[in-house]
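Structure at a glance
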Amino acid sequence: MSFKRRQLTNVEILEIFLNSDTESEYESQESDSDSEELPPNLVAIENPESEFPLSTDEVPGPFEDAGGDGGRPTVDKVQEFCGSWKATSHFTPPGSAVCFDESQSGVQRPLPFPTEAECFKLFLTEELVGDIVEESNCYALELQEKREPGVRGKLAKWVTTTISEMYTFLVTVLLMGIVKKNSLREYWNRFLVLLRCLHFVNNATANLNDPLHKIRNVLISLTSAFGRVFVPYKDLCIDESLMLWKGRLAFRQYIPSKRHRFGVKFFVMCDVKKGFVQNIIVYTGSTTDIKHYEGLGVSGSVVMTISPTLFQHLLSNSTGACGTVRSNRKGMPAFGCRKMQGGEVEFQENGQQLAVKWHDKRDVHVFSTVHTATMSATGKVDHLTGERLIKPDCVLDYNLKMGAVDKADMINSFVECTRKTTKWYKKIFFHLINTAVLNGSIVHRKVITYQKYRENLMRELLEEHHTPRRPSTGGHPAPDNPLRLTARHFPCKVPQTASQGSRTRRHCKVCLSGARRSKQRKMTKYMCLACDTPLCISPCFEEYHMLKHY
C-alpha cells in the first residue's frame, strides 16, 4: 500500500507542533523518504539511553556460537552491541586482550637452500605456465584462421610455443625493467609474435558475464599460491593501489590523489612485518568479486573478502582493527563543532570502539579497537616552540604500519616491466608477474638487493629454459646467445654424423662472422655445448666468451 505526498497547510503544521505529545495521523503515513528503517549502526546513536548498555563480556568469543555465518554473529547483531558514544580519556581496548600465535606465521614448508628461480616458481608454477602456453597456441590458430588469404605476416610462420620458451619470454619482459630500449622490436624477433598471441582463457568457454574473464584463471592461481606459501603475522595492511591505464575500460578508475590518476584499481593486503603481498582484488565496480556483507558497504565487504578485520564486526572474530574514516560516515560520533587548533585531540568511545578526532594540518578521524586514548611522543621537536611533538597512539601506529602496500608499489616502480599494450588484461598479467617476483624475493630470505635478486632470477631461468636456436635459413643472422658472456662454458667435440663419422667438422662461428680480423670459412671439430656453437679451440673459444664484440 502506498500514499502520495501532499503539502501541509499552515494550520495543519501548527496543529502537529501543538499536539506533538500525542499520536498524530501523519506519523503512520509512509513516504519515499521515511519508509526505510534506521540503519542498524545508527540505532545506538538514536537511542543513547538504551536499557541494555554494551558490555565487553557480551561480545561472543571466537569459539562461541552466536549464530549467523559459520557460528559467527551477523553484522546486524554485532552492530546492536554498540552502545552510545561518550567522551573519554581512559579507554581499554577490547582488541588488546586478543592473543596471537606467530609460531605458524611466515613461509610454509620453506626450502633449505632455495634458489631465486625455485622461489619464483612457487607462484608461477610450470602447471600455470603450461596452461598459458596451451591457450596462447590455441589463440594463435584462431588469429591465423581470421587472417585474410594471401596476407603475409609473422603469424603466417607461427611455430607452436613451449613452456621453456614462455619462461624465456617472461625473462625478456622482466629484463625490460633493467635494460630499456626505444622500441619493443629491439628486444627479440619472436617477442612481438608471442606478445600478440599471449592468451589466458579459451574464448569459447569463457564466462562473458565476468569482467575479468580474460585474466581470471591467472589471478586465482597466483593469489591462491600467495596464501598457500605464506601465512601472515599479526599486523596486516589493506590499501588501494592503482595501475596506470588510459585506454578504454569499463572499470577504469580516476583517483586524483594517485600518481597515475587513471587506471585499474586494486585492493591489496600486505603483511606489515615482511611486506609480503597476501591477496589482491581487482576493483570492477558493482561486479567486484567479493562477498557482500549487509550493512558494511562495498569497502567493508572488500576488507572482509581479503581479511576478517573490520572493527566491531571483526572484533567478534578476535581481530582488532585501526584505520582512518570519513567524518560523515554512518555511525560516527558527534564531535565538538568548534574549530580545533594544531595538536588538539578529542577521544570518544562506546565501550568497544575508540573514535579519535585529531588536528594536524587538518582534521583526522581514526577508528580503533586496539588502542588506548593516550598520546605519545613522536621523537620530533617543534622548530618554533621547541616543545616535543606528540600524537595519539593510534595515529602513530597507523602511520608506522599502513605503508606496506605503497612500499611494494615503490619497490616495483624502479624495475617495473609493465609496458604499454593495447590489451588491458596483458598489462594486469605483467603487474601480477611483478608482484610474484617481489614475493619470491621475500621467500628467498637472502640478504641481497631486490634488483640483484631479479638479475639472478633471470639468469637462472635462462640457464634452465634456454633452448638452442634453430639453424638459420638465410636472411639476417640471429642475435647472440644471451648466456655466452655470463654462464660457465666448456669445449667438447662436435657430435659425429652418419655421413662424416669421425671426420665431422663445422664452420667456426668467430672465424666466419668475427669483426676483429678478416672473415674465413674455417672448419673445426670443437664446439661449446652450452651455446651449441662451433668454435676453434684457440683463440676463438676464448674470444667468443670473453668479448662482447668478437
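For the structure, see preceding data.
Attention here is on the structure that accompanies the text. (Residues numbered from 1 in each chain as written. Predicted model: local features only at pLDDT ≥ 70, side-chain atom pairs only at ≥ 80, totals over all residues. Heavy atoms only, no water.)

1. A few points about the overall build of the protein
So the rule is basically this: Secondary structure is summarised from DSSP: a helix means a run of H or I of at least four residues, a strand means a run of E of at least two, and numbering begins at the N terminus for each. Relative accessibility decides the category of a residue: with a 1.4 Å probe and only protein chains considered, values under 20% of the type maximum give buried, values over 50% give exposed, and everything between is partly exposed. Whether two residues are in contact is decided by their heavy atoms: any pair within 4.5 Å suffices. All accessibility values rest on the Shrake-Rupley procedure with a 1.4 Å probe; residue burial counts only the protein chains present in the view.
Looking only at helices and strands, the protein features 16 helices and 18 strands. Evaluated residue by residue, the protein yields a buried proportion of 42% over its 550 residues. Expressed as a percentage of contacts within the protein between residues at least 6 apart in sequence, the contacts between residues at least 24 apart total 61%. On the protein, roughly 32,900 Å² of surface is accessible, and the fraction owed to carbon and sulfur atoms is 51%.

2. With respect to unusual backbone geometry
Here the bond from Ser 538 into Pro 539 is cis, since omega is 0 degrees, no more than 30 degrees from zero. Not every positive phi belongs to a glycine, and Arg 261 is a case in point at roughly 70 degrees. As for its position among the elements, Arg 261 is in the loop between strand 5 (253-254) and strand 6 (262-271). One non-glycine residue, Asp 532, adopts positive backbone phi at about 55 degrees. Mapped onto the elements of the fold, Asp 532 is located in the loop between strand 17 (526-528) and strand 18 (533-534).

3. Brief notes about helix 5 (residues 126-146)
Basically, it comes down to this: Residue count minus one, scaled by 1.5 Å, sets the expected span of a helix.
Look at helix 5: 30 Å from first C-alpha to last across 21 residues, which is about the 30 Å you get at 1.5 Å a residue. For helix 5, the set of buried residues is Leu 128, Val 129, Gly 130, Ile 132, Val 133, Glu 135, Ser 136, Asn 137, Tyr 139, Ala 140 and Leu 143. Lining the buried residues of helix 5 we find helix 6 (163-175), helix 7 (191-197), helix 8 (216-229) and helix 13 (424-444).

4. Things to note about the sheet that holds strand 9 (residues 345-349)
The criterion, for reference: Note on pairing: DSSP must find at least two bridges between two strands before they are called paired. To define axes, lines are fitted to C-alpha atoms, for helices over the stretch in contact only, and angles between the resulting N-to-C directions are given on a 0 to 180 degree scale.
One open sheet holds the 5 strands; their spatial order is 1-9-10-11-8, and the pairing between them is antiparallel. Sheet topology places strand 1 (86-87) and strand 8 (322-324) at the edges, where each strand pairs with a single neighbour. Direction of pairing for strand 10 (residues 354-359) relative to strand 11 (residues 363-368): antiparallel, over a ladder of 6 bridges. Residue pairing across strands places His 359 opposite Asp 363, the latter belonging to strand 11. The sheet contacts of helix 11 (residues 393-401) involve strand 8, strand 10 and strand 11, and relative to strand 8 the element is tilted by about 90 degrees.

5. Concerning the packing of aromatic side chains
Inclusion rule: Pairing of aromatic rings covers Phe, Tyr and Trp, the last counted by its six-membered ring, and requires centre-to-centre distances within 6.5 Å; plane angles under 30 degrees mean stacked, over 60 mean edge-to-face, and any other angle means tilted.
Scanning all chains against the criterion turns up 14 aromatic pairs. Each ring, one from Phe 123 and one from Phe 226, has its centre 5.3 Å from the other, and the planes form 70 degrees; the classification is edge-to-face. Taken together, the residues span a long stretch of sequence, with Phe 123 in the loop between helix 4 (116-120) and helix 5 and Phe 226 in helix 8 at a distance of 103 residues. Judged by its relative accessible area of 1%, Phe 123 falls in the buried class. Seen from their ring centres, Phe 169 and Phe 191 are 5.1 Å apart, and the 25 degrees between their planes marks the pair as stacked. Placement of Phe 169 in helix 6 and of Phe 191 in helix 7 is noted, with a sequence separation of 22 residues between them.

6. Regarding the pairing of strand 12 (residues 375-381)
Where strand 12 and strand 13 (residues 388-392) come together, 4 bridges link them in antiparallel fashion. Counterpart to Ala 377 in the pairing with strand 13 is Ile 390. Taken together, strand 12 and the strand that follows it, strand 13, pair antiparallel across an intervening segment of 6 residues, in which Gly 386 is found at a positive phi of about 80 degrees.

7. Observations concerning helix 13
Note: α-helices contain 3.6 residues per turn, so residues at a spacing of three or four share the same orientation. Here helix 13 spans 30 Å end to end across 21 residues, near enough to the 30 Å set by a 1.5 Å rise per residue. When you tally the buried positions in helix 13, you get 21 out of 21 residues, the bulk of the element. One or two steps after helix 13, the chain reaches Arg 445, where phi turns positive at roughly 65 degrees.

8. Here's the deal with a positive patch on the surface
The criterion, for reference: A patch is a set of surface residues, each over 30% in relative accessible area and not in a salt bridge, joined within 9 Å for like charges and within 5 Å for the nonpolar side chains Val, Leu, Ile, Met, Phe, Trp and Tyr. Salt bridges are defined by distance alone: a side-chain nitrogen of Lys or Arg within 4 Å of a carboxyl oxygen of Asp or Glu. Charge convention: Lys and Arg are scored as positive, Asp and Glu as negative, and His as well as the terminal groups of each chain are ignored. The atoms used to mark charge sites are NZ of Lys, CZ of Arg, CG of Asp and CD of Glu.
Judged by side-chain charge, Arg 152, Lys 154, Lys 157 and Arg 185 come together as a positively charged surface patch. Looking at where Lys 154 falls in the secondary structure, it is placed in the loop between helix 5 and helix 6. Given a relative accessible area of 49%, Lys 154 falls into the partly exposed group.

9. Comments concerning the sheet that holds strand 14 (residues 491-493)
Strand order in this open sheet of 3 strands is 14-17-18, and the pairing throughout is antiparallel. If you trace the sheet from one side to the other, it starts and ends with strand 14 and strand 18, each paired once. One ladder, built from 3 bridges, connects strand 14 with strand 17; its direction is antiparallel. In the strand pairing of strand 17, Cys 492 is matched with Met 527.

10. A look at the side chain of Arg 216
Short version of the rule: Any pair of nitrogen or oxygen atoms within 3.5 Å is treated as a polar contact; in protein, a donor-acceptor pairing is required on top of that, and neighbouring residues in sequence qualify only through side-chain atoms on both sides.
As for its position among the elements, Arg 216 is in helix 8. Arg 216 sits in the buried class, given a relative accessible area of 14%. There is a polar contact of 2.8 Å between the side chain of Arg 216 and the side chain of Asp 210. Residues within four places of Arg 216 in sequence aside, it is in contact with Asp 210 and Asp 289.

11. Re the nonpolar core
So the rule is basically this: In this text, buried Ala, Val, Leu, Ile, Met, Phe, Trp, Tyr and Cys residues form a nonpolar core when linked through side-chain atoms within 4.5 Å.
In terms of nonpolar packing, the biggest core is built from 80 residues, with Phe 120, Phe 169 and Phe 429 touching the most fellow members. Looking at this core, the element that brings in the most residues is helix 13, giving 12 residues. In contact with Phe 429, not counting residues within four places along its chain, are Ile 132, Leu 170, Leu 198, Phe 200, Ile 215 and Val 218. Counting 11 residues, the second-largest nonpolar core is a separate cluster that includes Cys 508, Leu 535, Cys 536 and Tyr 550.

12. Overview of the pattern of salt bridges
Under the counting rule described, the total for this entry stands at 12 salt bridges. Between Arg 506 and Asp 532 there is a salt bridge, and its shortest N-O distance comes to 3.9 Å. In this pair, Arg 506 sits in strand 15 (residues 506-507) while Asp 532 sits in the loop between strand 17 and strand 18, placing the two residues 26 residues apart along the sequence. Since its relative accessible area comes to 32%, Arg 506 is described here as partly exposed. Asp 532 sits in the partly exposed class, given a relative accessible area of 33%. The shortest N-O distance in the salt bridge between Arg 517 and Glu 543 comes to 3.3 Å. Taken together, the positions of Arg 517 in the loop between helix 15 (509-513) and strand 16 (523-524) and Glu 543 in helix 16 (residues 540-546) put the pair 26 residues apart, joining distant regions of the chain. What makes Glu 543 buried here is its relative accessible area of 13%. Here the salt bridges do not stand alone but share partners, grouping Lys 121, Glu 126 and Glu 464 into one network.

13. Examining the pairing of strand 7 (residues 277-282)
Counted residue by residue, strand 7 has 6 buried out of 6 residues, so it is predominantly covered. Hairpin remark: strand 6 followed by strand 7, antiparallel, with 5 residues in the connecting loop; positive phi at Gly 275, about 80 degrees.

14. Some remarks on the state of the cysteines
In protein structure, a disulfide is the covalent linkage between the sulfur atoms of two cysteines. To keep it simple, the criterion reads: Pairs of cysteine sulfur atoms within 2.5 Å are what we label disulfides.
Inspection of the entire model under this criterion finds 0 disulfides. Not part of a disulfide, Cys 237 finds its nearest cysteine sulfur in Cys 270, a span of 6.1 Å. Its sulfur unpaired, Cys 492 is 7.4 Å from the next cysteine sulfur, which belongs to Cys 528. Given the relative accessible area of 24%, Cys 492 is considered partly exposed.

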